[in-house]
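Topology and contacts: notes
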Amino acid sequence: MSQFDQHNFKGERALIRVDFNVPLDENFKITDDTRMRAALPTINKILNDGGSVVLMSHFGRPKDGPTDKYSLKHLKNHLSDLLGGKEILFADDCIGEESFELSANLQPGQVLLLENLRFYKEEEKGDEAFAEKLSKHGDFWVNDAFGTAHRAHASTTIVSKFFPKGKKSFGYLMEAEVINGNKLLNNPAQPVTAIVGGAKVSDKIKLLEKLIPIADNILIGGGMAYTFIKALGGSVGKSICEYDKLDLALDTLEKAKANNCQIHLPEDTVVADKFAPDANKKLSPTNAIEDEWEGLDIGPKTAEAFSNVIKNSKTILWNGPMGVFEFDAFAVGTFEIAKAVADATALGAYSLIGGGDSVSAINKAGLEDKVSYVSTGGGAMLEFLEGKTLPGIAAVLED
Ligand code: AMP
């Protein structure tokens, strides 16, 4: 049982930092409520214990203070539905007088949602006075916002100072994210395979360095593969390529060799005559792409070779798509890999979909329930796996 599980919230007001930064369409309809649903077990545990809940979150990137578009009021009705029709109280200023009146009078079982924290610039600045005001909304601080755990903001980190040990904790979501990240980092079952894709080598270099001593195989796909291919003397045409990172790519290959980690690069590539969903396409060897063409997906030989490695693995990390999967015509390779990860999981492997766009890729493939764990935190999981101390995690653990 975890510390959070053990604590009985009866009669207590829990101030929970959640990550309700969900996408909305132009009619303020939520297009993906994953992040809200991910917070429900924590909220329900506290309510079922007989406690009350004050929810605080950021929402989008408002630049000029309160803006209707970025109001958390748009989430109120959906939150009520998710909580079985419960009434949701709403405070339209997260540190306004009325908000404190509402939180002070909360009864067991009641839920109060505070307006967007980022309507105050003090939130992102990690302002102490602002954090202290926020702390007045609860007797116990629960951090369940893994998506912002890599930021030392007022509500994710600084607020911790105002709660003594024993009066703060992770929620279920944060616990799960940390447990799953650690499964990969600490004594993973072997063979370990990391699938790393996405646009740029520079975004993933720290991750690769951390993975090389851990992984038996690293499968490199997506735009970043072309920098490696170029560094090895191949022709990549107009493919995305970081020409100033060629030495870094060679250095990474050397380090992998020294650590008995096999780096696999794509043998074939689907090339396009323009960066567009309706581009003409054809297959090309990855190291001989013609001048006017650019690689937007891994080819079928690569997908098969990568899938074979994946299916023989016991631990799998996937970070970053194999191509421009946002264009249906170039999503095939990414979906093949998603399927291989799901198949390996069915065979008993542990699979973590962590960081980068691979989370939306696995959702788009409809296979999110067929893998072991899908992280809710893109940048946060990437930093966690890179071995960084995340301020939002450290804050909960400090005295
Ligand atoms: P990341 O957030 O690092 O996982 O990067 C994801 C982005 O990389 C997606 O938006 C993809 O469209 C992009 N990407 C993947 N493969 C390529 C490619 N071959 N060329 C250009 N962009 C790519």
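A look at the layout of surface pockets
If a probe the size of a water molecule is rolled over the atoms, the empty space left behind becomes visible. In this structure, the largest pocket occupies an estimated 810 Å³ of space. The wall of the largest pocket is formed by 30 residues, among which T34, V359, N363, S375 and T376 lie closest to the centre. Every element with two or more residues in the lining of the largest pocket is listed here: α2 (34-49), α7 (172-185), α13 (358-364), β17 (373-374) and α14 (378-385). Here the lining of the largest pocket takes five residues from α2, the largest share from any one element. Residues that form the lining of the largest pocket fall into these classes: 11 nonpolar, 13 polar and six charged. Counting contributing residues per domain, the lining of the largest pocket is built from domain 1 (3-170) and domain 2 (178-385), each supplying no fewer than three. The space that makes up the second largest pocket amounts to roughly 280 Å³. Around the second largest pocket, the lining is made up of 20 residues, and of these G198, A199, G223, G323 and V324 lie nearest the centre. Here the lining of the second largest pocket takes four residues from strand β14 (residues 294-298), the largest share from any one element. In terms of residue class, the lining of the second largest pocket is built from nine nonpolar, six polar and five charged.

Topic: the side chain of E12
By secondary structure assignment, the location of E12 is in the loop between α1 (3-6) and β1 (13-17). Among the polar contacts listed, one links the side chain of E12 to the side chain of H7, at a separation of 2.6 Å. Not counting chain neighbours up to four residues away, the residues in contact with E12 comprise H7, G51, S52, D139, F140 and K167.

Focus on the site of the ligand
In the vicinity of the ligand, 16 residues are found, and the nearest of them are K204, G223, G295, E326 and D357. Taking G295, its main chain carries an N or O atom lying 2.9 Å from a nitrogen atom of the ligand. In the model, an oxygen atom of the ligand is placed 3.0 Å from a nitrogen or oxygen of the D357 main chain. Here the ligand has 510 Å² of accessible area as a free molecule, and 82% of this is covered by the chains. A molecule is said to occupy a pocket when more than half its atoms come within 2 Å of that pocket's grid points, and by this definition the ligand occupies the second largest pocket. Grouping the amino acids of the shell around the ligand by side-chain chemistry returns six nonpolar, seven polar and three charged.

With respect to the pattern of salt bridges
This structure, assessed with the given rule, holds 19 salt bridges. Linking R118 and E124 is a salt bridge whose minimum nitrogen-to-oxygen distance equals 3.9 Å. Where K339 meets D343, a salt bridge forms, and the shortest distance between an N and an O atom there is 3.3 Å. Linking K339 with D343, this pair stays in helix α12 (residues 332-346), spanning four residues, or about one helical turn. What emerges from the salt-bridge pattern is a single network uniting E209, D251 and K255.

A look at the nonpolar core
Most often, soluble globular proteins have nonpolar side chains that are buried together. Membership of the largest hydrophobic core comes to 63 residues, with the highest contact counts inside it found for F146, I218, F384 and L385. Composition of this core by domain shows at least three residues from each of domain 1 (3-170) and domain 2 (178-385). With residues near it in sequence (within four places) discarded, F146 still touches M174, E177, S375, T376, G377, A380, M381, F384, L390 and I393. With 27 residues, the next largest nonpolar core counts F20, V53, L72 and L83 among its residues.

Some points on the side chain of R13
Positionally, R13 belongs in strand β1. Looking at R13, the relative accessible area reads 15%, which means it is buried. Within polar-contact distance, the side chain of R13 engages the backbone oxygen of H137 at 3.3 Å. Not counting chain neighbours up to four residues away, the residues in contact with R13 comprise S52, S103, A104, L106, K136, H137, G138, D139 and F140.

Quick look at the pairing of β1
Burial within β1 is extensive, with five of its five residues counted as buried. Side chains of β1 alternate between two faces, with R13, L15 and R17 and A14 and I16 buried alike. Where β1 meets strand β2 (residues 52-56), five bridges bridge the pair, whose relative direction is parallel. Across the sheet, the residue bridging to A14 is V53, located in β2. Handedness of the crossover is the feature at issue here: the chain leaves β1, passes through α2, returns alongside β2, and the resulting connection is right-handed. Pairing of β1 with strand β5 (residues 140-143) involves four bridges; the strand directions are parallel. Bridging across to β5, R17 finds its partner in N143.

Concerning the sheet that holds β14
Neighbouring strands of a sheet are bound in pairs by backbone hydrogen bonds; such pairs are parallel or else antiparallel. With respect to topology, three strands assemble into an open sheet ordered β12-β11-β14, the strand pairing being antiparallel. Two strands close off the open sheet at either side, each with one partner strand: β12 (281-285) and β14. Adjacent strand axes in the sheet meet at a mean angle of 45° when their direction is disregarded. In the sheet, strand β11 (residues 268-272) pairs with β12 via five bridges, with the strands oriented antiparallel. Residue pairing across strands places T269 opposite S284, the latter belonging to β12.

Conventions used here
- Residues numbered from 1 in each chain as written.
- Predicted model: local features only at pLDDT ≥ 70, side-chain atom pairs only at ≥ 80, totals over all residues.
- Heavy atoms only, no water.
- 1 Å grid on protein atoms, 1.4 Å probe; cavity = no way out; pocket = protein on both sides within 12 Å on 5 of 7 lines; lining within 4 Å.
- Points joined across faces, edges and corners; volume = space filled by probe spheres on them.
- Helix = DSSP H or I, 4+ residues; strand = E, 2+ residues; numbered from the N terminus.
- Nonpolar A, V, L, I, M, F, W, Y, C, P; charged D, E, K, R; others polar.
- Domains from an automatic or database assignment.
- Polar contact = N/O pair within 3.5 Å; in protein donor to acceptor, adjacent residues only side chain to side chain.
- Contact = heavy atoms within 4.5 Å.
- Near = heavy atom within 4 Å.
- Areas by Shrake-Rupley, 256 points an atom, 1.4 Å probe, with all protein chains shown as cover.
- Sits in = over half its atoms within 2 Å of the grid points.
- Salt bridge = Lys/Arg side-chain N within 4 Å of Asp/Glu carboxyl O.
- Core = buried A, V, L, I, M, F, W, Y, C linked by side-chain atoms within 4.5 Å.
- Buried < 20%, exposed > 50% of the residue type's maximum accessible area, 1.4 Å probe, protein only.
- Pairing = 2+ DSSP bridges.
- Right-handed = clockwise from strand over helix to strand, strands pointing away.
- Axes fitted to C-alpha atoms, helices over the stretch in contact; angles between N-to-C directions.

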